[in-house]
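Coordinate analysis (summary)
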Amino acid sequence: MNTPVNTPVTMLVCATCTPDSAFMDVARDGMGDVNVMPVDCMSGCIHVQTVAFRSPGKVAYLFGNITAADLPMLCIFARHYDASDDGTFADARVLGDLRTKAIARIPG
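Because the structure is a prediction, the values reported are computed rather than measured. (Residues numbered from 1 in each chain as written. Predicted model: local features only at pLDDT ≥ 70, side-chain atom pairs only at ≥ 80, totals over all residues. Heavy atoms only, no water.)

1. Details of the sheet that holds strand S2 (residues 35–39)
Reading across the sheet, the five strands line up as S2-S1-S3-S4-S5 and stay open at both edges, with mixed pairing between neighbours. Bordering the open sheet on either side are S2 and strand S5 (102–106), each of which pairs with just one other strand. Across this sheet, the average inter-strand angle for adjacent strands is 20°, counted without regard to direction. Bridging between strand S1 (residues 10–14) and strand S3 (residues 51–54) involves four bridges; their strand directions are antiparallel. Counted as the bridge partner of Leu12 is Ala52 from S3. Seen against the sheet, helix H1 (residues 23–30) touches S1, S2 and S3 and runs at an angle of roughly 160° to S2. (Pairing = 2+ DSSP bridges. Helix = DSSP H or I, 4+ residues; strand = E, 2+ residues; numbered from the N terminus. Axes fitted to C-alpha atoms, helices over the stretch in contact; angles between N-to-C directions. Contact = heavy atoms within 4.5 Å.)

2. Some details on the environment of Arg93
Among the secondary structure elements, Arg93 is positioned in the loop between helix H2 (71–83) and S5. Looking at Arg93, the relative accessible area reads 60%, which means it is exposed. A distance of 2.6 Å separates the side chain of Arg93 from the side chain of Asp91, its partner in a polar contact. (Buried < 20%, exposed > 50% of the residue type's maximum accessible area, 1.4 Å probe, protein only. Polar contact = N/O pair within 3.5 Å; in protein donor to acceptor, adjacent residues only side chain to side chain.)

3. Thoughts on H2
For H2, built from 13 residues, the straight-helix expectation of 18 Å at 1.5 Å per residue is met to within 8% by its first-to-last C-alpha distance of 18 Å. The secondary structure elements touched by the buried residues of H2 are S1, H1, S3 and strand S4 (60–63). (Expected span 1.5 Å × (residues − 1).)

4. Observations concerning the nonpolar core
Counting residues in hydrophobic clusters, the biggest one holds 24 residues, and the most contacted among them are Met11, Met31, Val51, Phe53, Phe63, Leu74 and Phe77. Mapped onto this core, the elements with two or more residues apiece are S1, H1, S3, S4 and H2. With six residues, the single largest contributor to this core is H2. In contact with Met31, other than residues within four places in its own chain, are Met11, Val36, Phe53, Leu71, Leu74, Cys75 and Ala78. (Core = buried A, V, L, I, M, F, W, Y, C linked by side-chain atoms within 4.5 Å.)

5. Side note on the layout of surface pockets
For the largest pocket, the calculated volume is near 190 Å³. Around the largest pocket sit 13 residues that line it, and Leu12, Arg54, Ala60, Tyr61 and Ile106 are the ones nearest its centre. If you list the elements that add at least two residues to the lining of the largest pocket, you get S3 and S4. Of all the elements, S4 adds the most residues to the lining of the largest pocket, at three residues. Across the lining of the largest pocket, the residue classes break down as nine nonpolar, two polar and two charged. (1 Å grid on protein atoms, 1.4 Å probe; cavity = no way out; pocket = protein on both sides within 12 Å on 5 of 7 lines; lining within 4 Å. Points joined across faces, edges and corners; volume = space filled by probe spheres on them. Nonpolar A, V, L, I, M, F, W, Y, C, P; charged D, E, K, R; others polar.)

6. Concerning the packing of aromatic side chains
Here the structure, examined in full by the defined rule, presents ten aromatic pairs. An angle of 80° between the planes, with centres 6.2 Å apart, marks the rings of Phe53 and Phe63 as edge-to-face. Taken as a pair, Phe53 in strand S3 and Phe63 in strand S4 lie far apart in primary sequence, ten residues in all. Clustering of aromatic rings is evident, with ring pairs tying together Phe53, Tyr61, Phe63, Phe77, Tyr81 and Phe89. The positively charged end of Lys58 is found above the aromatic ring belonging to Tyr81, 5.2 Å away from the centroid. (Phe/Tyr/Trp six-rings, centres within 6.5 Å; stacked < 30°, edge-to-face > 60°. Lys NZ or Arg CZ within 6 Å of the ring centre and 35° of its normal.)

The structure is reproduced here in structure tokens:
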């Protein structure tokens, strides 16, 4: 893993079709230094709950079917993402079960 580049990491949480109204509060409490922001529909409604990770100059990731149980793995993902120069990973296994919940990786 690379040395952290200390760019701001933001986790965007779809607030339009959130089935768990407490998800945003749990995410804010559990994500440490990650900026957690609600956003209007991300057009991932068939994958409720959707979240995305963005950071300047890095690829963005969109995940779906996220629950509060995924927050520990999202925290691990955020640390690896922050430490990566461009947001990519040489080995996707660091994503754990999030690999199966990835909807898109969007170029930076």
